[in-house]
Amino acid sequence: MSQELALMMALPNESKGLFEQAGIEVHYSGIGKVNAAFKAFDVIQKTGCTTLLNLGTAGSSHFDAHALVEVTQFVQRDMDVSPLGFAVGVTPMDHDHPAEIALDGYFQHLPKGICGTGDSFETGLPKVPCNLVDMEGYAIAKVCKKLGVRLVSVKYITDGANDTAHLDWEENLLLGARKLLELYQTVK
């Protein structure tokens, strides 16, 4: 990855100012799929990047807390049009893009995961098969796929996606920011 790289995160809480202190430009999307899609499109258009690096946080009952996990596939955990005969996670009439968006791996040393994206803070088992959850990734992946931009995504596991997830997320943000910054510095 080189100068064609742009870095995107959901919230300043996820970087804790560490990236900015290191002189690294971060594009923040805000929470949720709509904000993430808009920001990904905007960043790609303005920077001309050929690779978008998405760093952030996720919950998981599969991976240990404090682990860094590279996402190799994104799915939508909240797209549910099953009353019309579509499988959960499938966007009806979207023939150009499958419900599962696969990514090429970049970080050989990191465990790989399938991330379920949805506009809710998951505290239970998602309706679609996945082993970590976030609120922005699928939308970023879809924009990148449509525009022919490579996406690399790594998530820091802050919580177990359970009934204490909101407390664990907040408590683990600084450690996560440190680990994500350390990983980012290996990209150069």
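**Student:** Looking at this structure, how should I read the overall build of the protein chain?
**Tutor:** From N to C terminus, the protein chain includes six helices and eight strands. Here the C-alpha atoms of the protein chain give a radius of gyration of 16 Å, agreeing with the 16 Å that 2.2 N^0.38 yields for 188 residues. Over its C-alpha atoms, taken along the principal directions, the protein chain stretches across nearly 50 × 40 × 30 Å. By sequence separation, contacts in the protein chain at least 24 residues apart represent 76% of the contacts at least 6 residues apart. A total of about 8900 Å² of accessible surface is found on the protein chain, and carbon and sulfur atoms cover 53% of it.

**Student:** So what exactly am I meant to see when it comes to the pattern of salt bridges here?
**Tutor:** Side chains carrying opposite charge are able to pair once their charged atoms draw close together. Tallied over the full model, the rule gives seven salt bridges. K33 is the partner of D78 in a salt bridge, and the nearest nitrogen-oxygen pair spans 2.7 Å. Of the two residues, D78 is situated in the loop between β4 (68–76) and β5 (101–102) and K33 in helix α3 (residues 33–47); the sequence distance between them amounts to 45 residues. Members of the salt-bridge network, linked through shared partners, are K39, D42 and K46.

**Student:** Explain the pairing of strand β1 (residues 5–9) here, please?
**Tutor:** Regular strands have side chains that alternate between both faces of the sheet. Most of β1 is tucked away: five of the five residues are buried. Alternating residues of β1 divide into L5, L7 and M9 and A6 and M8, and every residue in both groups is buried.

**Student:** Can you help me understand the pairing of strand β3 (residues 51–59) in this one?
**Tutor:** The element β3 is largely enclosed, with a buried count of nine among its nine residues. Of the strand pairs in this sheet, β3 and strand β8 (residues 150–159) are connected by nine bridges, and their pairing is parallel. Counted as the bridge partner of T57 is Y156 from β8.

**Student:** Honestly, the confidence of the model for the protein chain in this entry has me stumped. Any pointers?
**Tutor:** Detailed reading of the predicted coordinates is not advisable wherever pLDDT is low. Averaged over every residue, the pLDDT of the protein chain is 91; residues scoring 70 or more account for 94%. Ranking the elements of the protein chain by mean pLDDT puts helix α5 (residues 165–171) last, at 68, and strand β2 (residues 27–28) first, at 98.

Each value, and the rule that gives it
Counting restarts for each chain: residues are numbered from 1 in the order of the written sequence. Local features in a predicted model are, by the rule used here, given only for residues with pLDDT of at least 70; side-chain atom pairs are given and counted only at 80 or more, and totals for whole chains, interfaces and linings are based on all residues. As a convention, hydrogens and water are excluded, and side-chain values are obtained from all of the structure's heavy atoms. In this description a helix means any DSSP run of H or I spanning at least four residues, a strand means any run of E spanning at least two, and both kinds are numbered starting from the N terminus. Two things to know: the radius of gyration comes from C-alpha atoms, and the globule rule equals 2.2 Å times the number of residues to the power 0.38. Contacts were defined at the residue level, with two residues in contact if any of their heavy atoms lie within 4.5 Å. Each accessible area value is a Shrake-Rupley result obtained with a 1.4 Å probe; residue values ignore everything except the protein chains displayed when judging cover. Salt bridge criterion: a side-chain nitrogen from Lys or Arg within 4 Å of a carboxyl oxygen from Asp or Glu. Relative accessibility decides the category of a residue: with a 1.4 Å probe and only protein chains considered, values under 20% of the type maximum give buried, values over 50% give exposed, and everything between is partly exposed. Being paired, for any two strands, means DSSP has found at least two bridges between them. Known as pLDDT, the predictor's per-residue confidence is scaled from 0 to 100.

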